[in-house]
Amino acid sequence: LLLLYYTEEAAVIVSGLKNTDVFVGESATFTCELSHPGVKNVQWWLDGSPLHNNFVTEISEQDGMIHTLTLNDVACHDSGTVTFRAGSLISSAKLLVKGISLLE
């Protein structure tokens, strides 16, 4: 019987966050994939403020490796830097919320 034991330091980010542009009122989704499950202290941030699961902010994980943040019904003031942190691993991307111009 071979037991594989992963330490937090062995985890790497397989696929990091990507910059996302959306319009006011839409949803913005960010996904970060880790190389294996079990990494502790997972946290999402928007411009330095920690995010928590609620009706506007949906935080989920799949198989302990694919971590997803969905921001619903975004407003212009939600534009900023989204950061995913899992232990010592960090991935960041820009969220740009665009207003709808009546001139177009």
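Residues numbered from 1 in each chain as written. Predicted model: local features only at pLDDT ≥ 70, side-chain atom pairs only at ≥ 80, totals over all residues. Heavy atoms only, no water.

The name an unreviewed UniProt entry gives the protein chain is Obscurin, with Spheniscus mendiculus as the organism. UniProt lists a comment for the protein chain under the heading Subcellular location (unreviewed entry), and it reads "Cytoplasm". (UniProt positions renumbered as here; feature names shortened; annotations may be inferred.)

The next thing to look at is the sheet that holds strand β5 (residues 49-50). Strand order in the open sheet formed by five strands is β2-β9-β8-β4-β5, and the pairing between neighbours is mixed. Each of the sheet's edge strands pairs with one partner strand only, and the pair in question is β2 (20-23) and β5. Bridge count for strand β8 (residues 80-86) against strand β9 (residues 89-98) is seven bridges, and the pairing is antiparallel. Across the sheet, V82 pairs through a bridge with A93, a residue of β9. (Pairing = 2+ DSSP bridges. Helix = DSSP H or I, 4+ residues; strand = E, 2+ residues; numbered from the N terminus.)

By the element assignment, I100 lies in the segment after β9. A C-alpha to C-alpha distance of 7.2 Å links I100 and V24, two positions 76 residues apart in sequence.

Summarising the element assignment, T20 is placed in strand β2. When near neighbours in sequence (up to four residues on either side) are disregarded, T20 contacts A28, T29, F30, K94, L95 and L96. (Contact = heavy atoms within 4.5 Å.)

Before going further, it helps to examine the side chain of H36. Among the structural elements, H36 can be located in the loop between β3 (28-34) and β4 (42-46). In this structure the side chain of H36 is engaged in a polar contact, spanning 3.3 Å, whose partner is the side chain of S35. (Polar contact = N/O pair within 3.5 Å; in protein donor to acceptor, adjacent residues only side chain to side chain.)

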